[in-house]
Structures are given as C-alpha cells and as structure tokens.
Amino acid sequence: MAKSPMAGAPRQLADGLSCVLAPNPSPMTFWGTNTYLLGEDTLAVIDPGPDQPDHLDALLSAIGGRTVSHILVTHSHLDHSPLARPLSRITGAPVLAYGDSRAGRSAIMEDLSQHGALGGGEGEDAGFVYDEAIADGTEIQGDGWTLRALHTPGHFGNHLCFIWGDAAFTGDLVMGWATSLVSPPDGDLTHFMASCARLADTGAPRGFAGHGAPIDDLQDRISNLLAHRRTREAQITATLQSGPQAAAEITGVVYTDVAPALLPMAERNVLAHLIDLCSRQIAAPVGALSATAKFTLI
C-alpha cells in the first residue's frame, strides 16, 4: 500500500491539479480527506474538507493569493463540506453542491428518516449551506477547465461526481483503498449500485477519490466494487435461508474478517442490503422496518 502523504503539503497529481490532504486520518477516512485544487491562475476547490484551522491555513497557503472561482462539494459529510463556508468568506467564491444534506434521498429513505426507525446520519453536516445548486449533467467552466456533474447518490443522497476530461472526481462513491459505507437513511444501496454503473458508463479510466490515492484503473475498480456487493448480497440471502435474522446477527456471519471497531459500520452496510432486498421484494421485515428488525426471505 502506498505511503501516506504529508498532511497540508500540496501534491501535484496532474497538469492543473494538486491535492492538499486534511489532517483527519481515521478508519473511515484513511489518510484523511483529499481537497483538490483545479486550475492554474484561477482555481476551483473540490471538497474543502473538515472545519479544521490547520487545514484552512494549508489551503490558503497552497492557493497562494490566486483567485478561487468555485468551491465544489461532492457531498455534505463532516469530513468534506464544513470548511466550504469559511473558505467562501475568505475567497468570495460561491459554494456549489447538489443540495442540502437531505437532498437526493429516495422516497423510502426520506420516509424512514422522518419516522426515525433507522438511526444513522453518521457524519452528516446538518448545517451545510450552499450558494448554487448543481443539477445532474450541469457543465461548470473555469479558467482552463470544464467539469460535468453527475448526481451519484448511494453513499449520500446529495453526492456528486465530477467528470474532468478523461478522469473523474469520485468523492466517496468509489475509493481505491476500501469500499464505501452505505448507511441508511443517508446511504441507499439501490442508488449506490445504479450510481456506480452510471459512473462506469462514462468510461473514465482514472479517478480522484475523496480519500486515498488516485485510482489508476477506475473501470476495474468499479467492476470489483459491484461484484463485491453482489457477493455480500448472496451471503446475506444464504444466511436468511436458515430463518429470520436481524442485521447484527447477519453481520456476525458474513463479516468474519473485519476489525471489531468496524463492525458497527459493517452492520449498517448489511442493513442497506436488507432494505434493498425489501425494495426488490426478495426479503421483508418481520413487523415494522427498523435497524433492529428481523428480516425474512419472501
């Protein structure tokens, strides 16, 4: 595995593209959050990152007095979006996003969120405020660069990927070092699978993710992620063959190689699979749908 870069030190990744790593490493963020600076004389900042003064100082140093024309947010988790507003106040650049932290949810996830049956909301930037909404397919142009926005919910309802030439900024939808957390009601596995397939359809061969190193074979990585999810689904349905079980019980069966600290996140992924199976009429909850409900095959 590649060595972790130094937080705060700009890294040149391509012509007109550099990255500043935020100092927020964790089991969920790997080395930390990647903040991208796109452009030469006038910049777009993609995913300003967590609200940490050291990271803001590092970004301003990397910007170096150049004009910032756009601040783009792939999604409003606390490790990606909170620094957008402070950076906007300093640079005068507008914050662009698909919508607020509830935007882009499916009807079933919005209903489950309203009824509070699933908990969740891990890391949501509930106070996220944007200046301009980016619709699916919108082209955003700057000084020497063009991005095309793709609404790619799954990891989060308001998640966007940005196509840049033959590359893609993939946020947390696709990462090279780990699979993405899909935790309802923010995460939606049905949307996740469709979004990964849609990103693959762009044909982009390289990806710049929200965490970790650049993905040099994006198409292969997406294919592997989709196959991994299908394998998990098969494991979950096989486990349900023995009778109704809750997400926690299934997690203990299918996630045998996961560190104990990550089991709660694994359980959320299992719950996402179970809700997807329900939406496809393959499984159903025993009683009301909740995080602790037992599920049975139909």
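Residues numbered from 1 in each chain as written. Predicted model: local features only at pLDDT ≥ 70, side-chain atom pairs only at ≥ 80, totals over all residues. Heavy atoms only, no water.

**Digging into a negative patch on the surface**
Residues Asp 15, Glu 40, Asp 41 and Asp 143 make up a contiguous surface patch of negative charge. Along the chain, Asp 15 falls in the loop between strand E1 (11-14) and strand E2 (17-21). (Patch = residues over 30% accessible without salt bridge, like charges linked within 9 Å, V, L, I, M, F, W, Y side chains within 5 Å. Areas by Shrake-Rupley, 256 points an atom, 1.4 Å probe, with all protein chains shown as cover. Salt bridge = Lys/Arg side-chain N within 4 Å of Asp/Glu carboxyl O. Lys, Arg positive; Asp, Glu negative; His and termini not counted. Charge placed at Lys NZ, Arg CZ, Asp CG, Glu CD. Helix = DSSP H or I, 4+ residues; strand = E, 2+ residues; numbered from the N terminus.)

**Here's the deal with helix H3 (residues 107-115)**
Residues Met 109, Leu 112 and Ser 113 constitute the buried set of H3. The buried residues of H3 occupy an angular sector of 100° when projected down its axis, which confines them to one face. Opposite the buried face of H3, by more than 90 degrees, sit the exposed residues Ala 107, Gln 114 and His 115. For H3, the secondary structure elements touched by its buried residues are helix H7 (263-279). (Buried < 20%, exposed > 50% of the residue type's maximum accessible area, 1.4 Å probe, protein only. Arc of directions from axis to C-beta. Contact = heavy atoms within 4.5 Å.)

**Some words on the sheet that holds strand E12 (residues 206-209)**
The mixed open sheet is built from 5 strands, whose spatial order is E8-E9-E10-E11-E12. Two strands close off the open sheet at either side, each with one partner strand: strand E8 (139-142) and E12. Across this sheet, the average inter-strand angle for adjacent strands is 25°, counted without regard to direction. Relative to E12, strand E11 (residues 167-171) runs parallel, the two sharing 4 bridges. Within E12, the residue paired with Phe 169 across the bridge is Phe 208. (Pairing = 2+ DSSP bridges. Axes fitted to C-alpha atoms, helices over the stretch in contact; angles between N-to-C directions.)

**Considering the side chain of His 70**
Checked against the element boundaries, His 70 lands in strand E5 (residues 67-72). For His 70, a relative accessible area of 14% gives the class buried. Side chain to side chain, His 70 and Ser 69 meet in a polar contact 2.7 Å long. Not counting residues within four places of it along the chain, the set of residues in contact with His 70 comprises Leu 43, Ala 44, Val 45, Ala 93, Pro 94, Leu 96, Ile 140, Gln 141, Gly 142 and Trp 145. (Polar contact = N/O pair within 3.5 Å; in protein donor to acceptor, adjacent residues only side chain to side chain.)

**Regarding the sheet that holds strand E3 (residues 34-38)**
The pairing of strands in a sheet comes from backbone hydrogen bonds and takes either a parallel or an antiparallel form. One open sheet holds the 7 strands; their spatial order is E1-E2-E3-E4-E5-E6-E7, and the pairing between them is mixed. With one partner strand each, in any of the chains shown, E1 and strand E7 (132-133) form the two edges of the open sheet. Pairing of strand E6 (residues 95-97) with E7, which is carried by 2 bridges, proceeds in the parallel orientation. Across the sheet, the residue bridging to Ala 97 is Ala 133, located in E7. On the sheet, helix H2 (residues 84-91) packs against strand E4 (42-46), E5 and E6 and is oriented at approximately 160° with respect to E5.

**Observations concerning the pattern of salt bridges**
Considering all chains together, one arrives at 10 salt bridges under this definition. For Asp 186, the salt bridge is made with Arg 105, and the minimal N-O distance between the two is 2.8 Å. Of the two residues, Asp 186 sits in the loop between E11 and helix H4 (189-201) while Arg 105 sits in the loop between E6 and H3, which places them 81 residues apart along the sequence. Note on Asp 186: relative accessible area 5%, which makes it buried. A relative accessible area of 15% means that Arg 105 is categorised as buried. Members of the salt-bridge network, linked through shared partners, are Arg 102, Arg 105, Glu 110, Glu 124 and Asp 186.

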